[in-house]
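Chain by chain, the residues:
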Amino acid sequence: MAVKSGQPAIKYSIITAFSAKGINAAEKGLARLRKSFGKTTLAQKLTFAAIGAGVVALAKKAADAARQQDKLNKQLSFTLNNLGYKTAIPSVNRFIDELERQAAVADDVLIPSFNALVRVTKQLTDAQDALKLALDISAITGDDVAVVADALAKGFAGNLTAINKLVPGLDQAAIKAKDMQAIMRQLNAEFGGAAINNLDSFAGKMEVFKISISKALENIGEGLLDFLKGFTKTNSIQELGDAIENIGLKIGDILRGLPVLLKTFFTQLENDMKQSFIGRFFLSAIKKIGDAFTTAADKASETGRNMRLMRGIGWGRLFDIAPAKKWAGTVDPVVKKITELQKRSKLQELFDPQRNQIAAALTRNLTAEQRALVQGLEALRNENVDDDEAYYNKIIGLSAKSALAQIDDQKKVQENLKTTLAGQLADYEKYLTDAREKAKYASANIGGTTVTGPRALLENLGVPSSGLQAPAMGAITPPPPPSSSFGAIEDPATQVRNQAASNPAAPPVTVNVNAGIVGDQDFLVRTINNYITMATRNGYTTVPAGFWS
Amino acid sequence: MPNDIEGLSETLSVLKNVHRVVYDQMNDQIKDALREIQNDAKTLVPNSPPPGLSRWASEKPNTVWYRLAFDPSEMKSGIRISLGRQKMNRRNFVGMYSILNTSAPGMVYEVAGSRNPNGRPHYSGAKRKNARSKAYSQSDNPNAGKWFIDRIERQSGIVVRFKQGRLVIAAGMRKEKKTRDRIITALENASRITYTKLPNLRG
């Protein structure tokens, strides 16, 4: 017995099954989200915008690096020019470049530091030594190179407070005396070569790698700037930056409009090809090839699917193997589809009035011909032509047969009529004979004389003995009902009396009826009257001649 | 889940839609298999209340506790078999073929003492005034719960803790493997018959 939903119960499940209802719902929701996301142009916009933004960001970063490098170089050149070291600019650049690779410190840090040092020391060699020392101190203390270089520059300028704070333990006498050379010697003794040693570590190598990347970026930027300069014909870096952004936007726009471009291209190509005979020929060929590819792909996919299912199912152990799900997934829609079609066809039959009328007609009691006509109407509704011809032949045959049957029926009716009439005549003769026999026992008192036999009967009936005449239609009164009492026949006597009253000359008639034959006589009278009536109506004459004699 | 069969729901839907006669025959066989556990569980139902708990069986109608009164016939009739899908648990598993204990006294007898072996704590001992909730004993007698569980344990001879039980769960644990094998055999046979009768659906 099923337990109602929600009814509390303690259950012990022998077999459980995994229900993917929740997971399927989640997957369905995600798929729907993915589908809707794929349909909207927002996805394309986001994708292309991301690509475009990436390209623009990379180009902008490279260009910024190149622009920053150019700015630093110009600052250094300006300083060296002012100090009279214009010819040493290339060598200084080479020095900074090598130092950058050796110490794994970016040149955007080295150049400002060297710039500050050379402005204070006024000597290239001192500045170079101080910069190397700053790198060593930075490698040990962990302070920024720019900060250490700034402290050294201040020291060369006579302010040793900063370097004293950065590097504790310096000779205080030298600091008080502001002897920078002594301090430099002490610092060299303490920190010299630290930067190179630091490069042996993994972190140091990574720093070198970063420097290489940064140099590569600068090179890319320089190339890009040169490239853009060639495009934009400008020497302004600011304008170049704007041009890069514009190019990024243009790339994004091109990607965004790429489907339109392809669609326009193919549409235009198709239209152009339709213009010429050869173009139309190639177009039809291309379409045929495309159709063939589609058909082949469908066939291949169907075959592959069949192979996949056949491989998975095996001998029919459906559960606890994964392909059972696929098999069930294949069968379920088919069964559902068949069920739906059956339901639909049943429903359609309900709303088919002609079919309903035909079905209702076939349920009635029809002749074979009528049934064949209705079935022929049903056959016309089918698409099968053979049954139409069969029903046509059947209906024609049945029509002829029914016509013959009608003729036979008429003949049979005539025969029946003849037989009936002959039988009635025979009965009539029989009853007449019987009446003649029974009339022998009738008796009547006519004029005081007792008369027996048919004469007496006729007298009782008031019929002249000369013979019966055919009465007119409807003139014959129906015979009276038989008397319920014994021994009295009133009506024939009344008739005789009436007749006597109408003929005063005739004596009164007294009827004495033998009690033994009263029933027969009454029956006989009625029978004769009936048959006289029937015979008269059927055109027969009355009693045959000599009958009463 | 140890008793899980992958693809069972899909298989059952296929059998049901494709060959209903075979499906019904399979269900009959599975019912027969489950009926063994059902009958076994019914034999575990005592015909009288545990000694010392005679008043459990004499709760009067129209009282609060009448619904939980000890009634062996109700307890036995409340043990049913189920071939339908039960409510899905937190791990997305549903019971397909289960034995159910649906009567209120049957459930009480089944799991008495599983959570609180000594009965629910008395609210007076918990120093909580007016704390007559399900977390605390409803009786004025602080030892009522322990007495109730002890009597049942003595009569049944089964001490229940956590997920254990005295009627349905005990019978199910006894014959689980055998019943499971019979059910799987019925499933296999029905699948094989359906598969062989529908060769056109194989590919």
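Relevant structure appears above.
Residues numbered from 1 in each chain as written. Chains lettered and ligands numbered in written order. Predicted model: local features only at pLDDT ≥ 70, side-chain atom pairs only at ≥ 80, totals over all residues.

K.L.:
What's the story with the overall build of chain B in this structure? I'm lost.
P.N.:
A tally of helices and strands in chain B yields 6 helices and 2 strands. Shown N-terminal to C-terminal, the secondary structure of chain B runs as helices and strands in the order α-α-α-β-β-α-α-α. Looking at chain B residue by residue over its 203 residues, the buried ones come to 33%. Considering only intrachain contacts with a sequence separation of at least 6, the fraction spanning at least 24 residues in chain B is 71%. (Helix = DSSP H or I, 4+ residues; strand = E, 2+ residues; numbered from the N terminus. Buried ≥ 20, exposed ≤ 12 C-beta atoms within 10 Å, placed from the backbone. Contact = placed C-beta atoms within 7 Å.)

K.L.:
What am I meant to see in the sheet that holds strand β2 (residues 93-101) of chain B here?
P.N.:
Sheet strands line up and pair through hydrogen bonds in the backbone, either parallel or antiparallel. The sheet built from 3 strands is open, its strands ordered β1(A)-β2(B)-β1(B) with antiparallel pairing. For this open sheet the edge positions go to β1 (10-18) of chain A together with β1 (79-82) of chain B, each flanked by a neighbour on one side alone. Here the strands of the sheet are splayed against their neighbours by 25° on average, with no regard to which way each runs. Summarising the sheet, β1 of chain A and β2 of chain B pair through 8 bridges and their orientation is antiparallel. Each bridged residue has a counterpart across the sheet, and for tyrosine 12 of chain A the counterpart in β2 of chain B is isoleucine 99 of chain B. (Pairing = 2+ DSSP bridges. Axes fitted to C-alpha atoms, helices over the stretch in contact; angles between N-to-C directions.)

K.L.:
Quick question: what am I supposed to make of the nonpolar core here?
P.N.:
Note that soluble globular proteins tend to have their nonpolar side chains buried in a common cluster. Core analysis: the largest hydrophobic core is formed by 41 residues, its most contacted members being Leu34, Ala41, Ile99, Leu167, Val168 and Ile183 of chain B. Those elements that place two or more of their residues in this core are β1 of chain A together with α1 (8-18), α2 (20-43), β1, β2, α4 (104-111), α5 (144-156) and α6 (168-197) of chain B. Residue contacts for leucine 167 of chain B: discarding those within four places in its chain leaves Ala41, Leu44, Val45, Ile79, Asn101, Gly106, Tyr109 and Glu110 of chain B. The next biggest cluster of nonpolar side chains, apart from the first, holds 36 residues, and it includes Val105, Ala127, Val167 and Ala195 of chain A. (Core = buried A, V, L, I, M, F, W, Y, C linked by C-beta atoms within 7 Å.)

K.L.:
Help me out: how do you make sense of the pairing of β2 of chain B in this one?
P.N.:
Two faces make up the sheet, and in a regular strand the side chains alternate between them. Residue and element names in this part refer to chain B. Taking burial as the measure, the 9 residues of β2 include 8 buried ones, the bulk of the element. Sheet topology note: the β1/β2 ladder contains 4 bridges and is antiparallel. Considered in β2, the bridge of arginine 80 is made with leucine 100.

K.L.:
Got a minute to help me understand the environment of alanine 146 of chain A in this structure?
P.N.:
Residue and element names in this part refer to chain A. Turning to its location among the elements, alanine 146 is positioned in helix α6 (residues 145-156). A count of 17 C-beta atoms within 10 Å places alanine 146 in the partly exposed class. If we ignore the near neighbours within four places in the chain, the residues touching alanine 146 are Val109, Pro112 and Ser113.

K.L.:
Which parts of the structure should I look at to understand the packing of helix α3 (residues 89-103) of chain A against helix α4 (residues 107-121) of chain A?
P.N.:
All names here are of chain A. In the contact formed by α3 and α4, the axes pass within 10 Å of each other and the chain directions differ by 130°. One finds that α3 runs oblique with respect to α4. Crossing of α3 against α4: the hand is right-handed. Touching Ile96, Leu99 and Glu100 of α3 are Asp107, Leu110, Ile111 and Phe114, all from α4. (Parallel < 35°, antiparallel > 145°, perpendicular 65-115°, else oblique. Left-handed = near helix turned anticlockwise from the far one by under 90°.)

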